[in-house]
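Survey of secondary and tertiary structure
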Amino acid sequence: MGADLHRQPDHPICIIKQAIYDFFEKRNPGMFKTFDDRYPIVTTHANFDEVLVPKDHISRSPNDTYYVDANTVLRCHTSAHQAETLRAGHPAFLVTGDVYRRDSIDSTHYPVFHQMEGVRVFTEAEWTAAGADATALAEKDLKDALEGLAKHLFGDVECRWIDAYFPFTNPSFELEIFFKGKWLEVLGCGVMEQVILDGNYKPGHKAWAFGLGLERLAMVLFDVPDIRLFWSGDDRFLKQFKAGDLSARFKPYSKYPSCYKDMAFWVSPEFSENNLPRNLLRRPCRQVRNIGGDLVEEVTLIDNFTNKKTGRTSNCYRIVYRSMERSLTDEEINAIQDKVRQQVADVLKVELR
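Since this is a predicted model, take the numbers as computed values, not measurements.

Each value, and the rule that gives it
Residues numbered from 1 in each chain as written. Predicted model: local features only at pLDDT ≥ 70, side-chain atom pairs only at ≥ 80, totals over all residues. Heavy atoms only, no water. pLDDT = per-residue confidence, 0-100. Contact = heavy atoms within 4.5 Å. Core = buried A, V, L, I, M, F, W, Y, C linked by side-chain atoms within 4.5 Å. Buried < 20%, exposed > 50% of the residue type's maximum accessible area, 1.4 Å probe, protein only. Helix = DSSP H or I, 4+ residues; strand = E, 2+ residues; numbered from the N terminus. Pairing = 2+ DSSP bridges. Axes fitted to C-alpha atoms, helices over the stretch in contact; angles between N-to-C directions. 1 Å grid on protein atoms, 1.4 Å probe; cavity = no way out; pocket = protein on both sides within 12 Å on 5 of 7 lines; lining within 4 Å. Points joined across faces, edges and corners; volume = space filled by probe spheres on them. Nonpolar A, V, L, I, M, F, W, Y, C, P; charged D, E, K, R; others polar. Salt bridge = Lys/Arg side-chain N within 4 Å of Asp/Glu carboxyl O.

**Here we look at the confidence of the model for the protein**
When pLDDT is averaged along the protein, the result is 88; 92% of the residues meet or exceed 70. Confidence over residues 272-284 falls short of pLDDT 50; this stretch has 26 contacts with residues more than four positions distant or in other chains.

**Let's talk about the nonpolar core**
Among the nonpolar cores identified, the biggest contains 59 residues, and I20, F24, L146, I177, L212, F222 and V224 are the most heavily contacted of them. Those elements that place two or more of their residues in this core are helix 1 (12-27), strand 5 (92-100), strand 6 (112-123), helix 5 (134-154), strand 8 (169-179), strand 9 (182-192), strand 10 (205-213) and helix 7 (214-222). At 10 residues, the largest contribution of residues to this core is made by helix 5. Aside from chain neighbours lying at most four places away, what touches F222 is P12, I15, I16, F241, D245, L246, A248, R249 and F250.

**Side note on the sheet that holds strand 9**
Overall, mixed pairing links the seven strands, which are arranged 1-5-6-10-9-8-7 in an open sheet. Unpaired on one side and paired on the other, strand 1 (33-35) and strand 7 (158-166) mark the two borders of the sheet. Adjacent strand axes in the sheet meet at a mean angle of 20° when their direction is disregarded. Bridging between strand 1 and strand 5 involves three bridges; their strand directions are parallel. Its bridge partner being in strand 5, K33 is matched across the sheet by F93. In this fold helix 1 packs onto strand 1, strand 5, strand 6 and strand 10, with an angle of close to 10° to the strand it touches most, strand 6. Together, strand 5, strand 6, strand 8, strand 9 and strand 10 form the strand contacts of helix 7, whose direction differs from that of strand 10 by roughly 55°.

**Regarding the layout of surface pockets**
Size it by volume and the largest pocket reaches roughly 1,400 Å³. Contributing to the lining of the largest pocket are 48 residues, with R101, F113, Q115, E185 and R216 lying nearest its centre. Counting residues per element, the ones that place at least two in the lining of the largest pocket are strand 6, strand 7, strand 8, strand 9, strand 10 and helix 7. At eight residues, the largest contribution of residues to the lining of the largest pocket is made by strand 9. Counted by class, the lining of the largest pocket contains 21 nonpolar, 14 polar and 13 charged residues.

**Focus on the pattern of salt bridges**
By the definition in use, this model includes 20 salt bridges. Of the charged contacts in the structure, one is a salt bridge between K242 and D10, with a shortest N-O distance of 3.8 Å. With K242 in the loop between helix 8 (235-238) and strand 11 (259-266) and D10 in the segment before helix 1, the pair connects residues that are 232 residues apart, well separated along the chain. Note that D262 is salt-bridged to R318, the shortest N-O span being 2.8 Å. Remark: R318 occurs in strand 13 (residues 313-321) and D262 occurs in strand 11; sequence separation between them is 56 residues.

Given below as structure tokens:
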């Protein structure tokens, strides 16, 4: 918290943010109110309930979301500010901020990233004047706007729409672009669920909403190969970018070697009971990150077997360590690995092998 990469003019995250702001200002002058200073600690009601996230949705789990206490979290999407901004009477807005999710660290995933939420509300007069159904008008304007945004950022790219599901929009879509020879997912969006709009703005209106990840766009546009570079204070990275310049392309300044360490343990009944199958990897990852920090590039389950005689199950994880700024020594990685093994054993109650 507090890094505010999205508010540093020459940082690639802020450059992307400003380019999106500029696009919507040019398309609809004076219409969109922008916010980029909303506090990232929010209530569970705002983060989940107000955007209709089901009570049993996996995102509510402490394995997915950072809880401050039972009723407060680090926001996991900027949609957490959708309802309050509608209640404040804003009919069109863009909210940008840092969001937090428990995730494994690798070249494209990080526990904190930046997102932008966009909303536009339509009146009955607008869809009547257009001679269109309210939902049809909102969907058409949404797709026109976002295809225009994609071309503004990436040039004359081919776009396609994929039907999707989000709790807070219906119908819902994902936008993909054909860029550098492959289809890339850009964002999710849709026509806002009417109950959100009626309960927080006023009845008799229709709205669209979208959410996009700024790191995803910046990595593609600026050829940044590793998400951790955005958090680097190294001038060799930061000085390659300048406010307003979308033509910059990242030039690698070095490629420090990685260091691999394996860790195997017998899984305890407690460990098995406390982790759903899709989350078996996350708790070891969390303990590894607690010690290794940003030096941990990836944690991968590479082997799993059950001893037929004893019935005990063994997991083996491979930890990849790498610094973006220097070569790591065996001595320091061995010291970190010893601490990692000890914490995994103590916290997860497993027997190391």
